[in-house]
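A look at the structure
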Amino acid sequence: MKTLIALTTVMTLSAFPAGAQTMDHQTMGHEAMGSMGQSEQNGVTMGKGVINSVDAAKGEVNISHDPIPALSWPAMTMDLPVTEQVDLTGVNPGDKVDFGILLGDDNVYRITELKPRD
């Protein structure tokens, strides 16, 4: 039984990449979330959120999003990079958005689409 517990502990600890960072209860780094179950076609999972800041030079947004059950993500605020296809020129803090998110081969989630929410 001790061997099973030790093996389970090792497997659990190795599930998160080295250097993964988590923040407080409201903010969490996406690197720590691994591949928690892509859901929709082509692996893109949809979410809803509010843009807090935009860094077009870095190709990144800070977003507070609703829970995303398909990824087992609670509501949180996080920085997310965007793919080259996402145009950030019309995106402003305070914008309510629907977004698509996809886990890349490098184990980093990126926003693949960003649309204003009605």
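Residues numbered from 1 in each chain as written. Predicted model: local features only at pLDDT ≥ 70, side-chain atom pairs only at ≥ 80, totals over all residues. Heavy atoms only, no water.

Here we come to the overall build of the chain. Along the backbone of the chain there are one helix and five strands. Sequence-ordered secondary structure for the chain, helices as α and strands as β, is α-β-β-β-β-β. Here the chain holds 118 residues, and 31% of them are scored as buried. Here the contacts in the chain between residues at least 6 apart in sequence split such that 53% fall between residues at least 24 apart. For the chain, the exposed surface amounts to about 7,400 Å²; the carbon and sulfur share of it is 55%. (Helix = DSSP H or I, 4+ residues; strand = E, 2+ residues; numbered from the N terminus. Buried < 20%, exposed > 50% of the residue type's maximum accessible area, 1.4 Å probe, protein only. Contact = heavy atoms within 4.5 Å. Areas by Shrake-Rupley, 256 points an atom, 1.4 Å probe, with all protein chains shown as cover.)

Ring pairs (aromatic) are described by centroid distance and by the angle formed between their planes. Evaluated as defined, the whole model comprises one aromatic pair. Look at tryptophan 73 and tyrosine 109: their rings are 4.9 Å apart centre to centre, the planes differ by 80 degrees, and that puts the pair in the edge-to-face class. Here the residue tryptophan 73 occupies a position in the loop between strand S2 (60-65) and strand S3 (76-81), and tyrosine 109 occupies one in strand S5 (residues 109-116), the gap between them amounting to 36 residues. Here the two residues tryptophan 73 and tyrosine 109 agree in accessibility, since each one is buried. (Phe/Tyr/Trp six-rings, centres within 6.5 Å; stacked < 30°, edge-to-face > 60°.)

With that settled, the discussion passes to the sheet that holds S3. Strand pairs in the sheet, formed through backbone hydrogen bonds, run parallel or antiparallel to each other. The five strands are arranged S3-S2-S1-S4-S5 in an open sheet whose pairing can be described as antiparallel. Since the sheet does not close on itself, it has two edges, and those belong to S3 and S5, each with one partner. For this sheet the average axis-to-axis angle between neighbouring strands, irrespective of direction, equals 45 degrees. (Pairing = 2+ DSSP bridges. Axes fitted to C-alpha atoms, helices over the stretch in contact; angles between N-to-C directions.)

Trp73, Phe99, Ile111 and Leu114 are the most contacted members of the largest nonpolar core, which totals 20 residues. Secondary structure elements with two or more residues in this core: S2, S3, strand S4 (96-103) and S5. (Core = buried A, V, L, I, M, F, W, Y, C linked by side-chain atoms within 4.5 Å.)

The next point concerns the side chain of asparagine 62. Turning to its location among the elements, asparagine 62 is positioned in strand S2. A residue is classified by how much of its surface remains accessible, and asparagine 62, at 14% relative accessible area, is buried. There is a polar contact of 2.8 Å between the side chain of asparagine 62 and the side chain of aspartate 79. Discounting chain neighbours no more than four positions away, the residues touching asparagine 62 are Val50, Ile51, Asn52, Ser53, Thr77, Met78 and Asp79. (Polar contact = N/O pair within 3.5 Å; in protein donor to acceptor, adjacent residues only side chain to side chain.)

Here we take up the confidence of the model for the chain. For the chain, per-residue confidence averages 77 on the pLDDT scale, and residues scoring 70 or more make up 65% of the total. Confidence drops under a pLDDT of 50 for residues 1-40, and excluding neighbours within four residues, the segment shows 55 contacts in the predicted structure. (pLDDT = per-residue confidence, 0-100.)

Here we come to the environment of histidine 65. Structurally, histidine 65 can be placed in strand S2. Histidine 65 gets classed as buried once you look at its relative accessible area, which sits at 3%. If we skip the residues at most four places from it in the chain, histidine 65 touches Lys48, Gly49, Trp73, Pro74, Ala75, Met76, Met78 and Phe99.

Residue placement: asparagine 52 occurs in strand S1 (residues 45-55). Taking the C-alpha atoms as reference points, asparagine 52 and glycine 94, 42 residues apart in sequence, are found 6.0 Å from one another. Ignoring any residue separated from it by four or fewer positions in sequence, one finds asparagine 52 in contact with Asn62, Ile63, Ser64, Thr77 and Pro93.

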